[in-house]
Amino acid sequence: MGADFGRSRGTESKFSQWLRRRPKSQHSEVDDTAREALLLAVAEAGMPISPAAHPVGYRCSCERIGCPTPARHPISFAWQTQSTTDRAQIERWARSQPQANFITATGMIHDVLDVPLTAGQQALERLLAADIDVGPVAVSGDDRMLFFTATRGTPEDEDEWWPCELDCHPETMDEHPGMRWHCRGSYVLLPPAMLPGELDVHWVRGPENPLPDPLTLLETLTDACAQYADTADQSDLDHDSVAWPLSR
């Protein structure tokens, strides 16, 4: 899907070709070069990043027993202040921690609208068909799609902060199975990243795409999520209505 979208928006660049390369469990020199280039492209777009855990088989590199988010969380508790766009620092991290994933802290330059994958795919098709400017988009694992947008901002007057029931923070992820709005105080795992079970996080549309106003995407994403929820609910009802034979 990513290649088709890239071709529909113009001539494919060398950077776009990199987007089609999935990170491999065994890093090669080419993979490391592409990984570093992708991370630096995010920083050049103004989005701050910091190192995150990575998978070790089906476990997390943090070695926490029963880690609830294996390979999906920052290494440091100070990730908000540690996150940076400094090229030299990112190069040091990437070269000294070749297995590390990276997160990007939201709410400073950008927000992320995080939706179920099926809903996100439908919404992306509609947005592009309507010629609406869509910013960077990533697929996370096998169940989520991330739409990167400009941030709503962080006003000096806290009373002017625009609260939203969709606001998502790391500790409230399970409370938002539909759409999640990552803004101030939250983060998302950044492509390219590896997850347990040979899953990954990869770009569908790269960080070279300008960040759009979130409100230009919100209605389409909300509609797609509502349709997805209705379909899931109907599927559950159909499953529950099956007359299972009694065992003898």
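Everything in this summary refers to the structure shown in the same document. (Residues numbered from 1 in each chain as written. Predicted model: local features only at pLDDT ≥ 70, side-chain atom pairs only at ≥ 80, totals over all residues. Heavy atoms only, no water.)

**Examining the overall build of the protein**
Here comes step 1: Assigned secondary structure in the protein consists of seven helices and 12 strands.
Here comes step 2: Taking the intrachain contacts of the protein between residues at least 6 apart in sequence as the baseline, contacts between residues at least 24 apart amount to 73%.
Here comes step 3: With an accessible surface of roughly 13,500 Å², the protein has 50% of that area assigned to carbon and sulfur atoms. (Helix = DSSP H or I, 4+ residues; strand = E, 2+ residues; numbered from the N terminus. Contact = heavy atoms within 4.5 Å. Areas by Shrake-Rupley, 256 points an atom, 1.4 Å probe, with all protein chains shown as cover.)

**Considering the state of the cysteines**
Here comes step 1: By the definition in use, this model includes zero disulfides.
Here comes step 2: The thiol of Cys60 is not disulfide-bonded; the next cysteine sulfur, from Cys62, is found 3.5 Å away. (Disulfide = S-S within 2.5 Å.)

**What about the pairing of strand S12 (residues 199-205)?**
Here comes step 1: Buried residues dominate S12, accounting for six of its seven residues.
Here comes step 2: As paired elements, strand S6 (residues 137-140) and S12 share four bridges and run antiparallel to each other. In the strand pairing of S12, Ala138 is matched with Trp203.
Here comes step 3: Note: strand S11 (residues 193-195) against S12, three bridges, orientation antiparallel. Within S12, the position partnered with Leu195 by the bridge is Leu199.
Here comes step 4: Linking S11 to S12, which pair antiparallel, is a turn of three residues; within it Gly197 sits at a positive phi near 80 degrees. (Buried < 20%, exposed > 50% of the residue type's maximum accessible area, 1.4 Å probe, protein only. Pairing = 2+ DSSP bridges.)

**Focus: the packing of aromatic side chains**
Here comes step 1: Applying the stated criterion across every chain yields a total of three aromatic pairs.
Here comes step 2: Seen in terms of ring centroids, Trp79 and Tyr187 are 4.9 Å apart; in terms of plane orientation they differ by 75 degrees. Their pairing is edge-to-face. With Trp79 in helix H4 (residues 79-82) and Tyr187 in strand S10 (residues 187-190), the pair connects residues that are 108 residues apart, well separated along the chain.
Here comes step 3: Overall, the relative accessible area of 11% leaves Trp79 in the buried class. (Phe/Tyr/Trp six-rings, centres within 6.5 Å; stacked < 30°, edge-to-face > 60°.)

**Overview of the nonpolar core**
Here comes step 1: Ranked by internal contacts, the top residues of the largest apolar core, which has 22 residues, are Val134, Phe147 and Leu221.
Here comes step 2: Broken down by secondary-structure element, the contributors of at least two residues to this core are strand S5 (110-116), helix H6 (117-129), S6, strand S7 (144-150) and helix H7 (215-240).
Here comes step 3: Beyond its immediate stretch of four places on either side in the chain, Phe147 contacts Asp111, Val112, Leu113, Val115, Gly120, Leu124, Leu127, Val134, Pro136, Val137, Leu217 and Leu221. (Core = buried A, V, L, I, M, F, W, Y, C linked by side-chain atoms within 4.5 Å.)

**Some remarks on the sheet that holds strand S4 (residues 101-105)**
Here comes step 1: Pairing is antiparallel across the open sheet formed by three strands, whose spatial order is S1-S4-S10. Each having just a single partner strand, strand S1 (49-52) and S10 make up the two edges of the open sheet. Strand after strand, the sheet turns through a mean of 35 degrees between neighbouring axes, direction not considered.
Here comes step 2: In this sheet, S10 lies alongside S4 in antiparallel orientation, the contact comprising four bridges. By the bridge assignment, Thr104 is partnered in S10 with Val188.
Here comes step 3: Strands S1 and S4 of the sheet are contacted by helix H5 (residues 87-96), whose axis makes an angle of about 15 degrees with S1. (Axes fitted to C-alpha atoms, helices over the stretch in contact; angles between N-to-C directions.)

**As for the environment of Ala105**
Here comes step 1: Along the chain, the position of Ala105 falls in strand S4.
Here comes step 2: The exposure class of Ala105 is buried, given its relative accessible area of 1%.
Here comes step 3: In contact with Ala105, other than residues within four places in its own chain, are Pro48, Trp79, Ser83, His110, Ser186 and Tyr187.

**A word on the side chain of His110**
Here comes step 1: By the secondary structure assignment, His110 is in strand S5.
Here comes step 2: For His110, the side chain forms a polar contact with the side chain of Thr104, separated by 3.1 Å. (Polar contact = N/O pair within 3.5 Å; in protein donor to acceptor, adjacent residues only side chain to side chain.)

**Quick look at H6**
Here comes step 1: In this model, H6 (13 residues) spans 18 Å end to end at C-alpha, consistent with the 18 Å of a helix rising 1.5 Å per residue.
Here comes step 2: Those residues of H6 lying buried are Leu117, Ala119, Gly120, Ala123, Leu124, Leu127 and Leu128. Along the axis of H6, the buried residues cluster in a sector spanning 150 degrees; they form a single face.
Here comes step 3: Two residues or fewer past H6, Asp131 is found with a positive phi of approximately 60 degrees. (Expected span 1.5 Å × (residues − 1). Arc of directions from axis to C-beta.)

Geometric descriptors of this kind do not, in isolation, establish any biological role.
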